[in-house]
Amino acid sequence: PAGVKVIQLVDAPPGGGTGSVVGEVAFGGRPQPGLTVILGGPDGKAKATTTTDAKGKFAFKDVPAGPYTVVTAKADTGKGLSGAADAVVEADTET
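I will try to describe carefully the structure that is included in this document. (Residues numbered from 1 in each chain as written. Predicted model: local features only at pLDDT ≥ 70, side-chain atom pairs only at ≥ 80, totals over all residues. Heavy atoms only, no water.)

1. Focus on the overall build of the protein
Okay, step 1: Helix and strand counts for the protein come out as 0 helices and 8 strands.
Okay, step 2: If you list the helices and strands of the protein from N to C, you get β-β-β-β-β-β-β-β.
Okay, step 3: The buried share of the protein, taken over its 95 residues, is 27%.
Okay, step 4: Restricting to contacts in the protein with at least 6 residues of sequence separation, those with at least 24 account for 58%.
Okay, step 5: Taken as a whole, the protein presents about 5700 Å² of accessible surface, with 54% of it coming from carbon and sulfur. (Helix = DSSP H or I, 4+ residues; strand = E, 2+ residues; numbered from the N terminus. Buried < 20%, exposed > 50% of the residue type's maximum accessible area, 1.4 Å probe, protein only. Contact = heavy atoms within 4.5 Å. Areas by Shrake-Rupley, 256 points an atom, 1.4 Å probe, with all protein chains shown as cover.)

Okay, here's the thing in C-alpha cells:
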C-alpha cells in the first residue's frame, strides 16, 4: 500500500547490545513531518516515541537488541491513515 515503509528484518545476535532504528514516513510519495512515531516492544508496550522531522525522517538511538514494531498514524485525516513495520535491532547497527 502507498505510504508503507519497508524495513528489512535481520536476526539479532545473541548477547544483547544496542542499535538504532531509522526511517522515513511518506504518504503518496510526500514526506510526513510532525507525526508521532512509536517504537513498540514484543510485549506490545511502547518503548520509545519520537516525532518525524521536516523531511518525514525519524530515529531511535541506543535501542537494546531485539524485535520491535514501528507504528505511526496521521490522525488529522478523515481516513484515519496509519502504518506499521516490524524491525529487529542488531547490536551496533542501524535498521
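2. Some thoughts on the environment of T18
Okay, step 1: Mapping T18 onto the fold places it in strand β1 (residues 18–24).
Okay, step 2: What makes T18 partly exposed here is its relative accessible area of 31%.
Okay, step 3: The sequence separation of T18 and K61 amounts to 43 residues, and the corresponding C-alpha distance is 8.2 Å.

3. With respect to the pattern of salt bridges
Should the charged atoms of two oppositely charged side chains come close, the side chains can pair.
Okay, step 1: Counting across every chain of the model gives 1 salt bridge.
Okay, step 2: Residue D43 pairs with K47 through a salt bridge whose shortest N-O separation is 3.0 Å. (Salt bridge = Lys/Arg side-chain N within 4 Å of Asp/Glu carboxyl O.)

4. Some thoughts on unusual backbone geometry
Okay, step 1: Of note, D62 is a non-glycine position whose phi angle comes to about 55°, a positive value.
Okay, step 2: Summarising the element assignment, D62 is placed in strand β6 (residues 57–64).
Okay, step 3: Residue classification places D62 among the exposed residues on the basis of a relative accessible area of 61%.

5. As for the side chain of Q32
Okay, step 1: One can find Q32 in the loop between β3 (30–31) and β4 (36–40).
Okay, step 2: Residue class for Q32 comes out buried when judged on its relative accessible area of 8%.
Okay, step 3: Among all residues touching Q32, those that are not within four sequence positions of it are V25, A26, F27, T52, G56 and K74.

6. Re the nonpolar core
Okay, step 1: Grouped together as the largest cluster of nonpolar side chains are 10 residues: V21, V25, L35, V37, L39, F58, F60, V63, Y68 and V70.
Okay, step 2: Among the elements of the structure, β4, β6 and β7 (66–74) are those that each provide at least two residues to this core.
Okay, step 3: Here this core takes 3 residues from β6, the largest share from any one element.
Okay, step 4: When sequence neighbours within four positions are dropped, the list of residues in contact with F58 reads V21, V22, G23, E24, V25, V37, T50, T52 and V70. (Core = buried A, V, L, I, M, F, W, Y, C linked by side-chain atoms within 4.5 Å.)

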